[in-house]
Amino acid sequence: MQILLLAGAFNSLTQRVFAELGDHGHHVAVQLALGDASLRAAVQRYRPDLIIAPMLKSPVPYDIWSTHTCLIVHPGPAGDRGPSSLDWAIHEGASRWGVTVLQAEAEMDAGPVWASVPCDVPPVGKSDLYRNEIADAALEAVLIAVERFASGTFVPRRQTDPALRGAVRTRPPMTQATRRIDWERDPTATVLRKLRAADSRPGVRDELLGSTWFLCGGHAESRLSGRPGRLLATRAGAVCRATVDGAVWIPQLRPCRVPGGPAPFGLPATLALGDRLPRLPEVPAPVHQDGERPAWSDIRYHEVGPAGFLSFSFPGGAMDTGQCRRLLAAYRVACTRPTSVLVLGGERDFFSNGIQLNVIEAAADPAAESWANIGAMDDLVEAVLTTTDRLVVAALGGNAAAGGAMLALAADEVWCRRGAVLNPHYRLMGLYGSEYWTYTLPRRVGEDTARRLTEQALPLSARAAAGLGLVDRLLECRPGEFPAEVAHLAARTAEGPDVQRRIAGKKAALERQNALRPLAAHRAAELARMRRTFFDPAAPYHALRGAFVHKEPPRATPMHLRSDRGR
């Protein structure tokens with residue numbers, strides 16, 4: 001079918017719906033919601049059989065939904081209405097939620113139901129939940145709705161239909177008054193729920209060190225305590241703040257918007273506070289942790305028999321210079337351990353999205369910080385590529401993009417959860433790219449396909465990536481089951497009879513590659529182009545980075561999304 005996606009942004013869910021509908025043979029185009037006139041023009045241009053809105057905050061114009069079947073993806077169970085559905089679910093401690101595909105009508109979220117799929121609500125942040133359990137349920141519901149629409153016989157049910165088993169409830173937008181943390185009264189569990197319900201937007205508005213900030217993200221601290229509300233320590237850019245019965249780690253802060261100024265953006269908490277931050281102890285968490293009360297850390301290592309697991313989790317999936325260097329140091333330590341398989345990643349949510357554009361944008365010299373960041377990423381990728389005494393597996397529990405996708409391709413094998421989305425390209429940020437992509441991408445898919453992927457700059461579903469050879473193993477599991485599935489597979493691989501033969505084979509292959517064209521030559525050629533871009537003030541990269549970081553709305557739907565293509 002001809003399907004038109006209407007979206008407020010080409011976010012992770014829209015990308016997944018776009019990619020997977022294409023996998024099912026549909027012709028899919030995207031129109032960003034940049035005003036009613038743009039939506040009307042897109043409908044006139046594409047003449048779609050079906051319109052789907054995976055993520056839309058503004059209403060669909062009457063003349064569109066009254067003449068076309070227009071399906072809205074709502075992140076709540078049947079009968080739930082309102083723009084803060086996930087926020088309320090997390091805030092109130094729901095353990096089960098769902099996604100409903102309903103038909104657009106005059107009243108928001110009130111149309112008849114085409115499909116509704118339940119899902120679990122684990123104790124994670126809203127953005128993590130949205131990209132994983134909610135995205136899984138949304139994709140399933142969309143595919144059901146599309147199949148029902150194609151049948152021509154299905155009649156959607158009104159939300160008041162008893163068969164839907166959902167009470168109609170309209171809840172208002174969640175305000176900062178509801179989100180407010182009372183540091184003198186709220187226990188840690190309540191503080192975490194409030195932080196998670198606001199992650200990563202809008203954040204929890206709060207006063208800290210004489211200024212107003214939005215707190216983004218939160219993790220429990222199991223040992224430190226102090227006077228409620230006081231800052232106790234720092235760790236890897238995060239600050240630890242005391243609660244009435246413990247403490248929480250807050251990884252990022254975002255300042256309030258200055259009237260007339262650009263939209264502010266989140267930064268590591270210690271970087272955002274800058275000179276305001278008092279002298280606090282840096283309390284690093286040991287990377288290698290054992291016991292029942294592990295400390296929160298963004299980098300962790302453990303072993304199960306002959307398999308090692310180096311996991312990491314950075315806000316938004318981006319990796320700044322310091323994070324890259326800390327991960328590289330942990331990787332080098334992991335490589336001293338007596339294991340035959342080393343798993344990189346292996347947790348839920350993002351694998352990596354490459355360099356940290358927010359930190360670069362905030363730097364006194366963005367060009368120099370860009371250069372330092374890409375160098376640190378290259379050092380990490382080089383270490384993975386040149387590991388010849390064990391098998392390295394990249395385990396993608398969630399999305400990977402740009403340099404993060406290339407980090408995964410540096411491993412000997414890529415294992416990927418079925419719900420992940422890959423964006424193996426750099427063009428949309430005005431970059432040629434580095435991280436040895438000119439070696440790792442063509443060796444997996446060939447020169448022609450590598451060129452097509454980087455030039456088209458379109459998202460790939462995990463299944464499509466596996467079909468191209470970018471992914472070696474697809475894991476059909478729920479997000480929370482991914483670490484255990486990876487652990488089981490890694491242990492089986494490490495104990496396999498051919499593991500030493502495979503290790504010897506990868507070492508010989510690297511020696512042959514270096515004889516043809518050394519890895520250093522790929523790095524030098526890539527970085528020569530990147531350096532010219534970084535240090536050219538007129539290069540599009542700088543304006544594109546600023547627009548991305550400040551979340552400036554695009555003036556038009558990008559051309560690469562407007563093509564009506566069967567994928």
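Described below are features of the structure shown in this document. Within any chain, residue numbers begin from 1 and follow the written order of that chain's sequence. Where totals are concerned, whole chains, interfaces and linings use all residues; where local detail is concerned, this predicted model gives features only for residues with pLDDT of at least 70, and gives and counts side-chain atom pairs only at 80 or more. The basis for every side-chain value is the complete set of non-hydrogen atoms in the structure, without hydrogens or water.

**Quick word on empty space enclosed by the protein**
Here's step 1: The distinction between a cavity and a pocket rests on a 1 Å grid over the protein atoms alone: a 1.4 Å probe fits inside a cavity but cannot get out, while a pocket stays open yet meets protein on both sides within 12 Å along at least five of seven lines, and a residue with an atom within 4 Å of a point counts as lining. Grid points are joined across faces, edges and corners, and a volume is the space filled by probe spheres set on the points. Tallied over the full model, the rule gives 2 cavities of 30 Å³ or more.
Here's step 2: If you add up the space inside the largest cavity, you get close to 50 Å³.
Here's step 3: Taken together, Ser311, Phe312, Gly345, Gly346, Glu347, Arg348, Asp349, Phe350, Phe351, Ala395 and Gly397 form the lining of the largest cavity.
Here's step 4: Note on conventions: DSSP H or I runs of at least 4 residues are helices, E runs of at least 2 residues are strands, and numbering of each starts at the N terminus. For the lining of the largest cavity, the elements supplying multiple residues, two or more each, are strand 18 (307–312), strand 19 (341–348) and strand 20 (391–397).
Here's step 5: Broken down by element, the residue count for the lining of the largest cavity peaks at 4 residues, all from strand 19.
Here's step 6: Only Asp, Glu, Lys and Arg are considered charged, only Ala, Val, Leu, Ile, Met, Phe, Trp, Tyr, Cys and Pro nonpolar, and every remaining residue, Gly among them, polar. Grouping the amino acids of the lining of the largest cavity by side-chain chemistry returns 4 nonpolar, 4 polar and 3 charged.
Here's step 7: Volume-wise, the second largest cavity comes out at about 30 Å³.
Here's step 8: Taken together, Ser12, Leu13, Arg16, Arg131, Ala135, Asn399, Gly419 and Val421 make up the lining of the second largest cavity.
Here's step 9: Secondary-structure elements contributing two or more residues to the lining of the second largest cavity are helix 1 (12–23) and helix 5 (126–151).

**Some words on the pairing of strand 20**
Here's step 1: Burial of strand 20 is extensive: 7 of the 7 residues sit out of reach of the surface.
Here's step 2: By the bridge criterion, 6 bridges tie strand 19 to strand 20 in an arrangement that is parallel. Residue pairing in the sheet places Leu342 in a bridge with Val392 of strand 20.
Here's step 3: At least two DSSP bridges between two strands are required for those strands to pair. In the sheet, strand 20 pairs with strand 22 (residues 413–417) via 4 bridges, with the strands oriented parallel. In the sheet register, Leu396 faces strand 22, and the bridge partner there is Cys416. Per-residue accessibility, obtained with a 1.4 Å probe over protein chains only, is compared with the maximum for each type, and a residue is labelled buried under 20%, exposed over 50%, and partly exposed between these values.

**As for the sheet that holds strand 19**
Here's step 1: Strand order in the open sheet made by the 6 strands is 17-18-19-20-22-25, with mixed pairing throughout. Strands with a single pairing partner mark the edges of an open sheet, and in this sheet they are strand 17 (299–304) and strand 25 (473–475). Strand-to-strand twist across the sheet, computed as the mean angle between neighbouring axes with direction ignored, equals 20°.
Here's step 2: The contact criterion used is simple: two residues touch if any of their non-hydrogen atoms lie within 4.5 Å. Lines fitted to C-alpha atoms define the axes here, with helix axes fitted over just the stretch in contact, and angles between the N-to-C directions of these axes take values from 0 to 180 degrees. Sheet contacts for helix 5: strand 19, strand 20 and strand 22; angle to strand 19, the most-contacted strand, approximately 85°.
Here's step 3: The strands that helix 17 (residues 499–516) touches are strand 19, strand 20 and strand 22; relative to strand 20, the one it contacts most, it runs at about 95°.

**Overview of the packing of helix 13 (residues 437–445) against helix 14 (residues 447–456)**
Relative orientation and spacing of two packed helices are given, respectively, by the angle between their axes and the distance between those axes.
Here's step 1: The N-to-C vectors of helix 13 and helix 14 enclose an angle of 120°; their axes lie 7 Å apart at closest approach. Judged by the angle between their axes, helix 13 and helix 14 are oblique. For the pair helix 13 and helix 14, the crossing hand works out as right-handed. Across the interface between the two elements, Trp437, Leu441, Pro442 and Val445 from helix 13 touch Glu447, Thr449, Ala450, Leu453 and Thr454 from helix 14.
Here's step 2: Considering only residue class, the contact of helix 13 with helix 14 consists of 6 nonpolar, 2 polar and 1 charged. For classification purposes, an angle smaller than 35 degrees is called roughly parallel, one larger than 145 roughly antiparallel, one from 65 to 115 roughly perpendicular, and anything else oblique. Note on convention: the crossing is left-handed when the near helix lies turned anticlockwise from the far helix by less than a right angle, right-handed when the turn is clockwise.

**With respect to unusual backbone geometry**
Here's step 1: A cis geometry characterises the amide bond from Asp199 onward to Ser200, with omega recorded as -10°.
Here's step 2: Between Arg201 and the following residue, Pro202, the backbone shows a cis peptide bond with an omega angle of 5°.
Here's step 3: With respect to the secondary-structure elements, Pro202 resides in the loop between helix 7 (188–197) and strand 9 (204–208).
Here's step 4: One non-glycine residue, Ala457, adopts positive backbone phi at about 55°.

**Considerations on the state of the cysteines**
Here's step 1: Any two cysteine sulfur atoms within 2.5 Å of one another count as a disulfide. The full count for this structure, using the stated rule, is 0 disulfides.
Here's step 2: Take Cys240: it sits in no disulfide, and the sulfur closest to it among the cysteines is that of Cys216, at 17 Å.
Here's step 3: Classification of Cys240 by relative accessible area gives buried; the value is 0%.

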